[in-house]
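Single-letter residue listing:
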Amino acid sequence: MTQTLPRAVPALFPSAAERGRVEAWLTEQLQGAISRVQAGPVTPTIDMPRFREELEAMNFDHPRPLEEMLRWSIERLEHGIVQMSNPRYYGLFNPGANFPAQCADRIAGAFNPQLASSASSPVPVALENHLICAVARRAGMAAHATGHFATGGSEANYTSLLCALTAAHPAFASEGARAFPGAPRFYTSRDCHIAWLKIAHQTGVGRSALRLIDTDGRGRMDPAALARAIASDRAAGAVPVMVVATAGTTGGGMIDPLHACADIASQEKLWYHVDAAWGGSALASDRLRGLLSGIERADSVTIDAHKWLATTMGCALFITARGALLSEAFHASTSFMPSSVASVDPYLNSVQWSRRFMGLRLFLALASAGWSGLGAHVERAVAVIARVREKLEALGWTVANSSELAVLDVVPPGSTDVRALVRRVVSSGRAWVAPTIFEGRDVVRICATNGETSDSDVEELIAALRGAAC
Ligand SMILES: Cc1ncc(COP(=O)(O)O)c(C=O)c1O
């Protein structure tokens, strides 16, 4: 007689009643932890040597109750990370996650759809596609523009270089960089996000393929220097393939001259990519979107919803007006996939194969807030930075950048060592800011990343900066 199968492992697949009970408890625990985090220090307070010892003692031989481990995980995160959900985090482009996106993660986690193929996930694939088209339209790109969700700006930017190389030589797909009669080159400003170096490495063209172009004294790529670099590379036998303009530089929030860069790319017949990983979110605002004029001329665009639109990580959009290139760069054939439609199936049009339902994070945020709500969120960040600027200028600080977005680079009065000042602010736990270099000068970089920063959070930042500057 056939024996019945063993029952599902209860620690992994508890009963529905048990799940419901634990979920309700977890929600309550998380709410408590996040409200403590919002009122507490921004920086980690955990004793790391002790934590490492604790980890060493965990050999996973003896299972522990899930609830105990959930409590343990929340407690360790409450004390063991820089807190993005703290409204005094004025840091890198990492947001306190919006609530609709957190709900999306819960839904995606429960259903765990496989977004590699349109046959496995017809609804999620169509929904993501609809969202990509909506953002492309908002950017003013061609009606046929297409794309996909990526894990982050780095993956989306990597995709752009693969497309540019594929467009530049029909044999790149089979021969790689060897196909080119000279060394391939691509161009972006020296204030770009430096992951471009890793991207050059990943695509096989080598890090020396990246040409970092001088800026114009205001943190924006200098178009004349760009044109000169392309001409001198061509004269030396190299093969230019792509121009990348940054819309919202990481250090200074500056926007490269998008039309001038588009003109040069078009004259030189090069792929034109706009890395709008952070600044692209300004498209949500009717007041600010004009700052991105010229983005509509791009062959491809990167926008990270997990930056300024505050979705959970990672949730980037890669959008291209040249969808056929995506299908060419990522084509593959196999008999085991449930569908293989070249222009539709995500696994045939992107770096990833198995893929999470990332788009639901932006979908729920956009559907529930509308463009007006996302626009108000973006404009609020600009208002936070305007307030910080006004207060610091009144105290004699100098503003180094001239971003119309939500990054402020400032220098304290006198001869204070900026890096030491930032270290003092961060170690106080009162606020989190970063040191960076803008146009050759050490500056304190302050970015509004948290959607709930209040007047008193701005006061606390100013007090922390003043205290550290003494
Ligand atoms: C302009 C720009 N591009 C690309 C990236 C990389 O994005 P991600 O961290 O999502 O990979 C960043 C990250 O801050 C960025 O600021």
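Residues numbered from 1 in each chain as written. Predicted model: local features only at pLDDT ≥ 70, side-chain atom pairs only at ≥ 80, totals over all residues. Heavy atoms only, no water.

## Some details on empty space enclosed by the protein
Here is step 1 of the chain: Evaluated as defined, the whole model comprises four cavities of 30 Å³ or more.
Here is step 2 of the chain: Considering only enclosed or pocket space, the largest cavity measures out at about 90 Å³ in volume.
Here is step 3 of the chain: Lining the largest cavity are Val-135, Gly-280, Ser-281, Leu-283, Ala-284, Ile-303, Leu-309, Leu-317, Leu-362, Leu-366, Trp-371 and Leu-374.
Here is step 4 of the chain: In terms of residues, the lining of the largest cavity owes the most to one element, helix α12 (residues 359-394), which gives four residues.
Here is step 5 of the chain: Of the residues that constitute the lining of the largest cavity, the class distribution is 10 nonpolar, two polar and no charged. (1 Å grid on protein atoms, 1.4 Å probe; cavity = no way out; pocket = protein on both sides within 12 Å on 5 of 7 lines; lining within 4 Å. Points joined across faces, edges and corners; volume = space filled by probe spheres on them. Helix = DSSP H or I, 4+ residues; strand = E, 2+ residues; numbered from the N terminus. Nonpolar A, V, L, I, M, F, W, Y, C, P; charged D, E, K, R; others polar.)

## Focus on the environment of Gln-3
Here is step 1 of the chain: Topologically, Gln-3 is positioned in the segment before α1 (16-39).
Here is step 2 of the chain: Distance in space between the C-alpha atoms of Gln-3 and Val-382 is 66 Å, their sequence separation being 379 residues.

## What to know about the nonpolar core
Here is step 1 of the chain: Membership of the largest hydrophobic core comes to 85 residues, with the highest contact counts inside it found for Tyr-272, Leu-362, Val-444 and Ile-446.
Here is step 2 of the chain: Setting aside residues no more than four positions away along its own chain, Leu-362 makes contact with Leu-131, Val-135, Phe-149, Ala-305, Leu-309, Thr-311, Cys-315, Leu-317 and Leu-374.
Here is step 3 of the chain: With 28 residues, the next largest nonpolar core counts Ala-156, Ala-164, Phe-180 and Trp-196 among its residues. (Core = buried A, V, L, I, M, F, W, Y, C linked by side-chain atoms within 4.5 Å. Buried < 20%, exposed > 50% of the residue type's maximum accessible area, 1.4 Å probe, protein only. Contact = heavy atoms within 4.5 Å.)

## Structural notes on the sheet that holds strand β7 (residues 316-320)
Here is step 1 of the chain: In space, the seven strands of this open sheet follow the order β1-β7-β6-β5-β4-β2-β3, with mixed pairing throughout. With one partner strand each, in any of the chains shown, β1 (146-150) and β3 (210-213) form the two edges of the open sheet. Between one strand and the next, the sheet's axes are offset by a mean angle of 20°, whatever the strand orientation.
Here is step 2 of the chain: Note: strand β2 (residues 184-189) against strand β4 (residues 239-246), four bridges, orientation parallel. Pairing of Phe-186 across the sheet is with Met-242, part of β4.
Here is step 3 of the chain: Taken strand by strand, helix α5 (residues 122-138) contacts β1, β6 (300-304) and β7, and its axis lies near 115° from that of β1. (Pairing = 2+ DSSP bridges. Axes fitted to C-alpha atoms, helices over the stretch in contact; angles between N-to-C directions.)

## Overview of the sheet that holds strand β8 (residues 398-399)
Here is step 1 of the chain: If you walk across this open sheet you meet the four strands as β8-β9-β11-β10, and the pairing is antiparallel. Taken across any chain shown, the strands that pair with only one partner, and hence form the sheet edges, are β8 and β10 (434-438).
Here is step 2 of the chain: When strand β9 (residues 407-411) meets strand β11 (residues 441-447), the two strands line up antiparallel, connected through four bridges. Its bridge partner being in β11, Leu-408 is matched across the sheet by Ile-446.
Here is step 3 of the chain: Sheet strands touched by helix α13 (residues 418-428): β10 and β11. Its angle to β11, the strand with the most contacts, is close to 30°.

## As for the packing of aromatic side chains
Here is step 1 of the chain: Going through the model one piece at a time under the given rule, you end up with eight aromatic pairs.
Here is step 2 of the chain: Taking the centre distance of 6.2 Å and the plane angle of 50° together, the rings of Phe-172 and Phe-180 count as tilted. Summarising the burial analysis for this pair, Phe-172 and Phe-180 share the class buried.
Here is step 3 of the chain: A ring pair is formed by Phe-336 and Trp-353, whose centres lie 6.3 Å apart and whose planes are at 35°; its orientation type is tilted. (Phe/Tyr/Trp six-rings, centres within 6.5 Å; stacked < 30°, edge-to-face > 60°.)

## A word on helix α9 (residues 223-235)
Here is step 1 of the chain: Its 13 residues give α9 an end-to-end C-alpha distance of 18 Å, which sits within 8% of 18 Å, the value for a rise of 1.5 Å per residue.
Here is step 2 of the chain: Within α9 the residues assigned to the buried category are Ala-225, Leu-226, Ala-229, Ile-230 and Asp-233. One side of α9 carries all its buried residues, which in axial view fall inside an arc of 135°. Opposite its buried face, α9 presents the exposed residues Arg-228 and Ala-235, each directed more than 90 degrees away.
Here is step 3 of the chain: Its buried side turned inward, α9 meets β2, β3, β4 and α10 (258-267).
Here is step 4 of the chain: At the N-terminal end of α9, a side-chain oxygen is found 3.0 Å from the backbone nitrogen of Ala-224, two or three residues along, and the residue is Asp-222.
Here is step 5 of the chain: Once α9 finishes, Gly-237 follows within two positions and takes phi at roughly 90°, a positive value. (Expected span 1.5 Å × (residues − 1). Arc of directions from axis to C-beta. Polar contact = N/O pair within 3.5 Å; in protein donor to acceptor, adjacent residues only side chain to side chain.)

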